[in-house]
Each structure stands twice: as C-alpha cells, then as structure tokens.
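A structural walkthrough
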Amino acid sequence: MQATTIKLDGALIKRLKAFKPREDTLSAFVRSVLDAELRRRTLRAAAESYSQFLRDHPEEADEMSAWATAPLQRPAKRRRER
C-alpha cells in the first residue's frame, strides 16, 4: 500500500473524531468514508448509464417491465419427464 499524507484542518479533524465510531482509528474511519463515497459515485454512474440505455432502447425497457411484473408467487410449472 502506498503511504500518503493528507493534511486536514483542525476543525475538520474535530468533526471527524466526534463522528467516528469509538473503536475506529481516525485513519481507518477516513478510509471507510472515502471508500463509501467512491462506491456511491460508481453505483450512481452505473445507474445513470443503465437509465440512459433504457431510454435509448425502449424495447429493452418494455422487456424489463414485463419481467418486473412477472407473477413470482405461484410455483413454476413442472415439466413432463420424457
């Protein structure tokens, strides 16, 4: 792992220390917050791309609507054995 020092001002450090779980170190907490933010942004970009895909391909959007409304409560039909 590459070691990097990031400087934070005193007010931000106080806010972070007050917010972090007691069992976490400040470094671990900052890493988890940054990781969560990057994951959130990645998922948001994926959702936006998928939404654009559905706008560009209305037939796919129709298929997804049909799939989403499939009756899942009833058991699947059994196939006959040959």
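Remember, predicted model here, so these are calculated numbers, not experimental data.

1. Observations concerning the overall build of the protein
Along the backbone of the protein there are three helices and zero strands. Helices and strands in the protein line up, N terminus first, as α-α-α. Taken along its principal axes, the extent of the C-alpha atoms in the protein is 70 × 35 × 25 Å. Counting every atom, the protein has about 8400 Å² of accessible surface; 55% of that belongs to carbon and sulfur. Across the protein, 18 positive and 12 negative side-chain charges occur, with their mean positions spaced 8 Å apart.

2. Considering the packing of aromatic side chains
Under the definition given, this model contains two aromatic pairs. Their ring planes at 20° and their centres at 6.3 Å tell us that Y50 and F53 sit as a pair that is stacked. With Y50 and F53 both in helix α2 (residues 26-56) and three residues apart, this pair spans about one turn of that helix.

3. What about a nonpolar patch on the surface?
On the surface, a nonpolar cluster with roughly 440 Å² of combined accessible area is contributed by Y50, F53, M64 and W67. Elements with a minimum of two residues in the nonpolar patch: α2 and α3 (58-68). Residue F53 is classed as partly exposed on the basis of its relative accessible area of 34%.

4. Thoughts on the packing of α2 against α3
Put simply, α2 and α3 touch, their axes get as near as 5 Å, and they point 110° apart. When the interaxial angle is binned, α2 and α3 end up roughly perpendicular. For the pair α2 and α3, contact is made by Y50, F53, L54, R55 and D56 and by P58, E60, A61 and M64, respectively. Looking at the contact of α2 with α3, its residues break down into six nonpolar, no polar and three charged.

5. Comments concerning the side chain of K20
Structurally, K20 is set in the loop between α1 (10-19) and α2. Among buried Asp, Glu, Lys and Arg side chains, K20 stands out as unpaired, with D24 the closest opposite charge at 7.0 Å. Separated by 2.7 Å, the side chain of K20 and the backbone oxygen of D24 make a polar contact. Discounting chain neighbours no more than four positions away, the residues touching K20 are T25, L26 and F29.

Cut-offs and rules
- Residues numbered from 1 in each chain as written.
- Predicted model: local features only at pLDDT ≥ 70, side-chain atom pairs only at ≥ 80, totals over all residues.
- Heavy atoms only, no water.
- Helix = DSSP H or I, 4+ residues; strand = E, 2+ residues; numbered from the N terminus.
- Areas by Shrake-Rupley, 256 points an atom, 1.4 Å probe, with all protein chains shown as cover.
- Lys, Arg positive; Asp, Glu negative; His and termini not counted.
- Charge placed at Lys NZ, Arg CZ, Asp CG, Glu CD.
- Phe/Tyr/Trp six-rings, centres within 6.5 Å; stacked < 30°, edge-to-face > 60°.
- Patch = residues over 30% accessible without salt bridge, like charges linked within 9 Å, V, L, I, M, F, W, Y side chains within 5 Å.
- Salt bridge = Lys/Arg side-chain N within 4 Å of Asp/Glu carboxyl O.
- Buried < 20%, exposed > 50% of the residue type's maximum accessible area, 1.4 Å probe, protein only.
- Axes fitted to C-alpha atoms, helices over the stretch in contact; angles between N-to-C directions.
- Parallel < 35°, antiparallel > 145°, perpendicular 65-115°, else oblique.
- Contact = heavy atoms within 4.5 Å.
- Nonpolar A, V, L, I, M, F, W, Y, C, P; charged D, E, K, R; others polar.
- Polar contact = N/O pair within 3.5 Å; in protein donor to acceptor, adjacent residues only side chain to side chain.

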